[in-house]
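Take a look at the letters that make up each chain.
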Amino acid sequence: MEIKKLETLPEKVIIPLRQHRGAVCEPLVKKGDRVLIGQKIGGSAEYQSSAVHSSVCGEVIAIEEAAHPDGNKVMSVIIQPEDSNESVAFSACKDVKPDKLAEFIKESGIVEHYGMPTHTVLRPKGKKIDTVLINATSSEWIGGTFKTPDDYAFQMIDALKLLMKAAGAKKGAIVLRTDDKESIDAFEGIEVDKKKLKVAPLIGSRNVGYYFNEQNSDIVIVSQERIFGKKILNFFTYRVTGRKVKIGCDPTDAGVAVCGIRSAKALYDAVHEGTPFYDTVISVEGVSNKMEYLFVRIGTTFKDVIDSYGYTGEIGKIIANGVRTGVAQYTDQVPVTKGTTRISIQKPEEVIRGESIECIHCARCVDVCPVELIPSRLAVMADQGRFDECRQIHVENCIECGDCAAVCPSKIHILQLIRYAKDAIEMAYEDMPEKESSNLKLGCGCGGE
Amino acid sequence: MSELVTLLVQATAILGGLGLAVGVMLVVASKKFKVETNPLVDEIVEVLPGANCGACGYAGCADFAERVVNEGAPINGCPVGGFDVAKEIGGILGQEVVEGEEQYPFVRCNGGLNCVDRFDYVGFEDCKAVMMLSDGEKGCNYGCMGRGTCVRACPFGALSIGEDRLPHVNKNLCTSCGLCIASCPNDILVFAKETEKVHVLCMSHDKGKAVKESCTVGCIGCKICEKSCPEEAIKVTNFLAEIDQEKCTACGLCVEKCPQNSISIR
């Protein structure tokens, strides 16, 4: 896979002080300061937070609220870069102690692409992790800076060991996609602790637990079909480990930490080269048939990315993180963040503006739903504000893949309605005092928070 | 034959006796465990609208009636029935009722078409749904989204979204129940008394520059109104003018002076 490096110097970079779910970082620089590559520019004392680093060398021109690809405005540090590669002195820290590793991850600014800071996934408060998974099933961005496929495999396994060390977990697995030949070839026949490993497919009840036993190894490489969606973690955990995660809980409640390739690579770099998380690989697609992989610094605006993609025509729509579940951007002055994986561009004539009409009860949405819900019914109930009935038919199980809305011939905004219902349910139970809500509690039902 | 007669007599005697005993028990029980109900409560329930809408804040009309009699809840507490019902309740309880001032929902935003759209929204028509995306399509985060959540919340059909993409209240249909006010995600709607003439039609706490970029009629916090008011009824806090309705004499000076035309008199 070819990765293009974004060479042109952007006019400005916008580095949001919140690129994760949790507390917004306090800026550590002020207007007029000169910053270097890798310099920490934002940090927070809160546990649920992650440090932010500068990705360029230059001058801070403003600290203000700026657009964020999630849609909201977030306090950001805006830096005017200069043509220099001056960076802070990076030093490898290979001998970080296991108990210090979580703090090290937080300081290196490593964040999962779905938003959680990695250290909170590995060391959740009051929960014990025993298995770490690296989800490589949607690995558009795996290329990174790996020289050879073997290099990729070794780095991933090394990163998995580091993640296991940080979490204090005994077992670990890397989950590949069945049709991703490139990665499977890279991992096939690799040696871990002097044992040759085979890439094993996950079929039926043969989940990772089975392969831990069969291969007699604490680290296994498995493959499975791609699961697509915004809230797949619980479903993914069930598919891979066979552990059911209750509604309102997350995989950490079942003792599983799910990490992405991106954070694994960032951790490897942080430990072996000392570089914090300030650059990443994203894919750009649309307009023409080619899909391009770009190695960009975090904070580069979408405009610069699109320019280097080579499209100069009129833009109809820019979507961050995939056309189905992503967020359409209202300006191209939004930065690439740690959570940005893909930028899709549409020409004005490609933008579909279908007005929804009445449901014709064709049940195509029911057929395509991967978690066997009844999207048509959920949409009707959400529209009428009958959120309790939505709960009764398990709206929380939706993985937000968007298949239902994509196949709907009446162009009903089913996914939006489902999200609306989920949001309303969360809001309704948010302010309920503890005592009153004991038997109607929305949160996790298995003891954890 | 005689056997049959004896059987009949016996059966009648046993059943009759049982009936008598149970009847006596029931009479005793009804005397002993009698629940004292206040006849006033039933009378008040009779005059209430009976919609059980809960707009009074209690669990329905019967509950409201009970609270009025036993706990001294305000007799004009039923917004749906209004003054007529309050008068009837007053008659039952022998209390004097003074006609309160009528109040209707009031839209505290004049954005609508005057406010710039950041993007083109296609989707489920609901203010809360729009606000889940990028805090709404409007350039202003405080303004009315104009997607009609209040219209859908109103059980009496008193609200409508007009040509200017702002909600309008039909005072003939409105019962001042307050459901629209509770439904508005941006708190644009408030109750305003008919005697309160002057209002600031903006909710934005953004700085002047940001307001000017997004809206042509937004309050920029310039404090001209504050300086011009002879009664000192206007105060600008956090880039937004607020009017103290107690002090306001509706002289209209601020309306004239406001450079953004965000203060209105009615």
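Residues numbered from 1 in each chain as written. Chains lettered and ligands numbered in written order. Predicted model: local features only at pLDDT ≥ 70, side-chain atom pairs only at ≥ 80, totals over all residues. Heavy atoms only, no water.

1. What to know about helix 13 (residues 414-430) of chain A
For helix 13 of chain A, built from 17 residues, the straight-helix expectation of 24 Å at 1.5 Å per residue is met to within 8% by its first-to-last C-alpha distance of 24 Å. The set of residues buried in helix 13 of chain A consists of A:Ile414, A:Leu415, A:Gln416, A:Leu417, A:Ile418, A:Tyr420, A:Ala421, A:Lys422, A:Ala424, A:Ile425 and A:Tyr429. Against helix 9 (364-368), helix 10 (375-384), helix 11 (387-392) and helix 12 (403-407) of chain A together with helix 5 (127-132) of chain B lie the buried residues of helix 13 of chain A. (Helix = DSSP H or I, 4+ residues; strand = E, 2+ residues; numbered from the N terminus. Expected span 1.5 Å × (residues − 1). Buried < 20%, exposed > 50% of the residue type's maximum accessible area, 1.4 Å probe, protein only. Contact = heavy atoms within 4.5 Å.)

2. Looking at the packing of aromatic side chains
In total, this model carries seven aromatic pairs over all chains according to the counting rule given. Pairing A:Tyr210 with A:Tyr211 gives two aromatic rings, centres 5.2 Å apart and planes at 85 degrees, and the pair type is edge-to-face. The exposure class assigned to A:Tyr210 is partly exposed, which follows from its relative accessible area of 31%. Exposure remark for A:Tyr211: the relative accessible area of 5% places this residue in the buried category. A connected cluster of aromatic rings, assembled from ring pairs, spans A:Phe387, A:Tyr420 and B:Phe124. Geometry around A:Phe212 places A:Lys171 over its ring, the cationic atom sitting 5.1 Å from the centre. The ring of A:Tyr330 has B:Arg118 lying over it, and the distance from NZ or CZ to the ring centre is 4.4 Å. (Phe/Tyr/Trp six-rings, centres within 6.5 Å; stacked < 30°, edge-to-face > 60°. Lys NZ or Arg CZ within 6 Å of the ring centre and 35° of its normal.)

3. A closer look at the domain arrangement of chain A
By a widespread convention, an interface's size corresponds to the accessible area lost as its parts come together. All names here are of chain A. Assigned domains within chain A: domain 1 (3-90 + 276-346), domain 2 (98-272) and domain 3 (364-439). A separation of 26 Å is found between the C-alpha centroids of domain 1 and domain 2. Interface area, domain 1 with domain 2, both sides summed: about 2,400 Å², of which 55% is carbon and sulfur. Three residues stand out in domain 1 for area buried against domain 2, namely Arg-21, Tyr-47 and Phe-277, and they jointly supply 29% of the buried area on that side. The interface formed by domain 1 and domain 2 holds one salt bridge in total. Where Glu-107 meets Lys-40, a salt bridge forms, and the shortest distance between an N and an O atom there is 2.7 Å. Summed over the shared surface of domain 1 and domain 2, the result is 17 residue pairs in polar contact (both at pLDDT 80 or more). Contributing elements (two or more residues each) for the side of domain 1 that touches domain 2: strand 16 (279-286) and strand 17 (288-297). It is strand 16 that provides the largest number of residues to the side of domain 1 that touches domain 2, a total of four residues. Residues that form the side of domain 1 that touches domain 2 fall into these classes: 10 nonpolar, 14 polar and six charged. (Domains from an automatic or database assignment. Buried area = accessible area lost by both parts, 1.4 Å probe. Salt bridge = Lys/Arg side-chain N within 4 Å of Asp/Glu carboxyl O. Polar contact = N/O pair within 3.5 Å; in protein donor to acceptor, adjacent residues only side chain to side chain. Nonpolar A, V, L, I, M, F, W, Y, C, P; charged D, E, K, R; others polar.)

4. Topic: the sheet that holds strand 20 (residues 342-346) of chain A
All names here are of chain A. One open sheet accounts for six strands, arranged 1-17-16-20-18-19; its pairing is mixed. At either margin of the open sheet sits one strand with a lone partner, and together these are strand 1 (3-5) and strand 19 (327-329). Across the sheet, the mean angle from the axis of one strand to that of its neighbour is 30 degrees, orientation sign disregarded. Strand contacts of helix 8 (residues 302-309): strand 1, strand 16, strand 17, strand 18 (317-320), strand 19 and strand 20, with the helix running at about 130 degrees to strand 17, the strand carrying the most contacts. (Pairing = 2+ DSSP bridges. Axes fitted to C-alpha atoms, helices over the stretch in contact; angles between N-to-C directions.)

5. Digging into helix 10 of chain A
All names here are of chain A. Those residues of helix 10 that fall on the buried side of the exposure criterion are Pro-375, Leu-378, Ala-379, Met-381 and Ala-382. On its buried side, helix 10 packs onto helix 9, helix 11, helix 12 and helix 13. Just beyond helix 10, the residue with positive phi is Gly-385, at close to 75 degrees.

6. Focus: the interface of chain A and chain B
Contacts between chain A and chain B engage 12 residues on the former and 15 residues on the latter. For the pair chain A and chain B, the summed buried area comes to about 1,300 Å², and 56% of that belongs to carbon and sulfur atoms. Considering only the side of chain A, the residues that lose the most area to chain B are A:Tyr330, A:Gln416 and A:Tyr420, jointly responsible for 44% of the buried surface there. Between B:Arg152 and A:Asp383 there is a salt bridge, with the nearest N and O atoms lying 3.2 Å from each other. If one sorts the elements of the side of chain A that touches chain B by residue count, helix 13 of chain A sits on top with five residues.

7. Overview of the domain arrangement of chain B
What the domain assignment reports for chain B is domain 1 (39-93), domain 2 (102-194) and domain 3 (196-266). The C-alpha centroid of domain 2 of chain B is placed 30 Å from the C-alpha centroid of domain 1 of chain B.

8. Some thoughts on the UniProt feature "binding site: [4Fe-4S] cluster 2" (unreviewed entry) in chain B
All names here are of chain B. Following the UniProt record, one finds the feature "binding site: [4Fe-4S] cluster 2" (unreviewed entry) at Cys-140, Cys-144, Cys-150 and Cys-184. The buried category is assigned to Cys-144, whose relative accessible area is 10%. Among residues more than four places away in sequence, those in contact with Cys-144 are Cys-109, Lys-138, Leu-166, Pro-167 and Ile-188. With respect to the helices and strands, Cys-150 occurs in helix 6 (residues 149-153). Beyond its immediate chain neighbours, meaning those up to four positions away, Cys-150 contacts Leu-159, Pro-167, Cys-180, Ser-183 and Leu-189. (UniProt positions renumbered as here; feature names shortened; annotations may be inferred.)

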